[in-house]
Amino acid sequence: MVSHPQSTVHALLAACERRPRHPFLLFEGRRLSFADVRDAAARWAALYRRRGVAKGDRVALFHSNSPEFVASYLGAHMAGAIVVLVNTQYRQTELRHILSDSGARLVVTEERLLPELERVRADLDPRLQVVDCRSQPEERAGHEGDIDLRPSDVALIGYTSGTTGRSKGAMLTHGNLMANSAAVTQAWRWTEDDRLLLTLPLFHIHGLGVGLHGALVTASTVDLRRGFDAGEVLETLAAGDTTMFFGVPTMYSRLIEEARRRVAAGADREALGGRVRLFVSGSAALSPQIFAAFEELFGQRILERYGMTETVMNLTNPYDGERRPGTVGMPFPGQEARVVDVRTRRPLPDGETGEIQVRGPHVFAGYWNNPQATAEAFDPEGWFNTGDLGFRSPDGYFTISGRARELIISGGSNIYPREVEEVLLAHPQVAEAAVLGLPDAEYGECVVAAIVPAADFRERVAGLGEEERRSAIAELQSAVVEWCRAQLASYKKPRRVVLVDSLPRNALGKVQKHLLRERLT
């Protein structure tokens, strides 16, 4: 078992004892030490208490990356509250559900998002309070007293992406968060000397639970940005102060495009990655093509890992050792993973595909106000059913095949979308691809591929007449099917190929296939 702080607040206070004046947050010219953040969090805690927030009450954070986000988050924990993370892209339907379901007592937001809240206020508890994220009080507040937090106390509720039905609130305890951070920092050799460039949103478990918490536990520095900009990231990396960067596949794809443009214009290829020692990718599958292109340009192999809202991090490619493209590695220290048969629930031997289960101190406490969903999520031995399909290689590397609910059964044969997607992405005229099954009278389901054509194809057809354009599109569709037929069993090839301008994605770049399915049907 990896040792870890008792709570996020205990981690903050420990960092202050070790190095109070060391920079914790760098943000748009501001430099906040651990002591600065501790004091700001204490002022937020005092504000919450004056507003009537008691231990166990829910405080929703509906605002963008900033030091105020970090302070209002940690201040809520100081006050004993449970934080509800709210995606800043959410609008009326999602806001109404999350704020009602969580029973939030108070929402911290920003001016630009107030109109969205006002549109749903009439449908929410009239006692719900709204606080501007810039309104923390100026007076000092105590923070050195007894911290009434235990590892079993719920720290935050993260709502799942809701690919089917209403999203569920996953309850993560302080013990879950700190155990996972301790495991992650050990596995990735994260030390107090590191500086993480963090462009991921803090309302998501990737940015908050991995990035911010890791820096908190190690007492290291976070260079926090409001969002991702490929040009700015490359300039920051080249400056040489950054040692770690965490991203999602779409970010790496854009970094590759921007780096290629700069190298073609004469930029120093050797300086692209600065002195970054670790690039990490997650939240969606990293294609082998992006993996190889990034290594060729930046001279480093991206470390791919696998996590989810309910567990933070589950599996990781090794820091020392082979970072194998297309795989998500092995369990973090102190954690377990296995593959079971989808129907019998019996463990499967290496090489056979089934549902991945995980177990350990990082696994969440259950779904908020949803005992039925909680019961269905676990087996009697405490294994959590991730809903992800995959297999384990004989030497221990796990590979994700897709979501269990996305498995395509066509003519009685199982088809894993990711396998087909990887073949499609290797085609020179395909920039992005998503594969799903749609109802079919003969086969039950048929394989449908939605592809975003490469830029040169889009540019070429843009100047064609309607007849020529249709011919070019039909030619590409046919070529893509033949490409798949040559590399896959015939039953796996797409029976329908649809060209789209873009794929619907969530804030972390994961393709939202339920929206794509609605569009295609």
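Above this text you will find the structure in question.
Residues numbered from 1 in each chain as written. Predicted model: local features only at pLDDT ≥ 70, side-chain atom pairs only at ≥ 80, totals over all residues. Heavy atoms only, no water.

Caption draft 1: Highlighting the side chain of threonine 309. Tracing the backbone shows threonine 309 in the loop between strand E13 (303-308) and strand E14 (312-316). Those residues in contact with threonine 309 that lie beyond four places of it in its chain are Gly158, Ala170, Leu172 and Ile205. (Helix = DSSP H or I, 4+ residues; strand = E, 2+ residues; numbered from the N terminus. Contact = heavy atoms within 4.5 Å.)

Caption draft 2: Layout of helix H6 (residues 174-187). The end-to-end C-alpha distance of H6, which contains 14 residues, comes to 20 Å, matching closely the 20 Å that a straight helix rising 1.5 Å per residue would cover. Burial runs high along H6: 13 of the 14 residues are buried. (Expected span 1.5 Å × (residues − 1). Buried < 20%, exposed > 50% of the residue type's maximum accessible area, 1.4 Å probe, protein only.)

Caption draft 3: Quick peek at the nonpolar core. By size, the foremost hydrophobic cluster in this structure holds 113 residues, and its most contacted members are Phe24, Tyr48, Val59, Tyr73, Leu156, Trp188 and Phe246. With nine residues, helix H2 (residues 34-50) is the single largest residue contributor to this core. Those residues in contact with phenylalanine 24 that sit more than four places away from it in its chain are Leu32, Ser33, Phe34, Val37, Val70, Leu212, Ala215, Leu216, Ser220, Thr221 and Val222. Counting residues in each nonpolar core, the second largest holds 21 residues, with Leu424, Ile451, Phe457 and Val480 among its members. (Core = buried A, V, L, I, M, F, W, Y, C linked by side-chain atoms within 4.5 Å.)

Caption draft 4: Quick peek at the sheet that holds strand E12 (residues 278-281). Pairing is mixed in the open sheet, where nine strands are placed in the order E2-E1-E10-E9-E11-E12-E13-E14-E15. Each of the sheet's edge strands pairs with one partner strand only, and the pair in question is strand E2 (30-33) and strand E15 (330-331). Contacting strand E9 (195-198), strand E10 (221-224), strand E11 (244-247) and E12, helix H8 (residues 230-239) runs over the sheet at an angle of about 170° to E9. (Pairing = 2+ DSSP bridges. Axes fitted to C-alpha atoms, helices over the stretch in contact; angles between N-to-C directions.)

Caption draft 5: Summary view of the pattern of salt bridges. Under the defined criterion, the tally for this structure stands at 39 salt bridges. Across the pair arginine 91 and glutamate 116 runs a salt bridge, and its minimum N-O distance is 3.5 Å. Remark: glutamate 116 occurs in helix H5 (residues 114-120) and arginine 91 occurs in the loop between strand E4 (82-85) and helix H4 (92-102); sequence separation between them is 25 residues. On the accessibility criterion, glutamate 116 (13% relative accessible area) is buried. Connected via shared salt-bridge partners are Lys55, Asp148, Arg150 and Asp153. (Salt bridge = Lys/Arg side-chain N within 4 Å of Asp/Glu carboxyl O.)

Caption draft 6: Inspection of the sheet that holds strand E25 (residues 496-499) at higher detail. Here we have three strands laid out as an open sheet, ordered E23-E24-E25, and mixed in their pairing. Each edge of the open sheet is held by one strand with a lone partner, namely strand E23 (430-440) and E25. Sheet twist, expressed as the mean angle between neighbouring strand axes with direction ignored, is 25°. Judged from the four bridges that link them, strand E24 (residues 444-453) and E25 form a sheet pairing that is parallel. Bridge pairing in E25 links alanine 450 to valine 498. The sheet strands contacting helix H12 (residues 417-425) are E23 and E24, and the helix crosses E23 at an angle near 145°.

Caption draft 7: Structural detail: helix H9 (residues 249-264). Taking 1.5 Å of rise per residue, 16 residues should cover 22 Å, and H9 covers 23 Å from first to last C-alpha, within 8% of that figure. Next to the buried residues of H9 lie H8, E11, E12 and helix H10 (288-298).

Caption draft 8: Spatial organisation of the packing of aromatic side chains. Scanning all chains against the criterion turns up 16 aromatic pairs. When the centroid spacing of 4.5 Å and the interplanar angle of 10° are considered together, the rings of phenylalanine 24 and phenylalanine 34 count as stacked. Of the two residues, phenylalanine 24 is situated in strand E1 (residues 23-27) and phenylalanine 34 in helix H2; the sequence distance between them amounts to 10 residues. Taking relative accessible area as the criterion, phenylalanine 24 reaches 0% and is therefore assigned buried. On the basis of relative accessible area, phenylalanine 34 is assigned to the buried category, the value being 0%. Taking the centre distance of 6.2 Å and the plane angle of 65° together, the rings of phenylalanine 279 and phenylalanine 298 count as edge-to-face. Taken together, the residues span a long stretch of sequence, with phenylalanine 279 in strand E12 and phenylalanine 298 in helix H10 at a distance of 19 residues. Look at phenylalanine 279 and you get buried, because its relative accessible area is 0%. Grouped by ring-pair contacts, the aromatic residues Phe245, Tyr252, Phe279, Phe294 and Phe298 constitute a single cluster. Against the face of tyrosine 367 rests lysine 168, its NZ or CZ located 5.0 Å from the ring centre. Above the ring of tyrosine 397, the side-chain terminus of arginine 324 is found at 3.8 Å from the ring centroid. (Phe/Tyr/Trp six-rings, centres within 6.5 Å; stacked < 30°, edge-to-face > 60°. Lys NZ or Arg CZ within 6 Å of the ring centre and 35° of its normal.)

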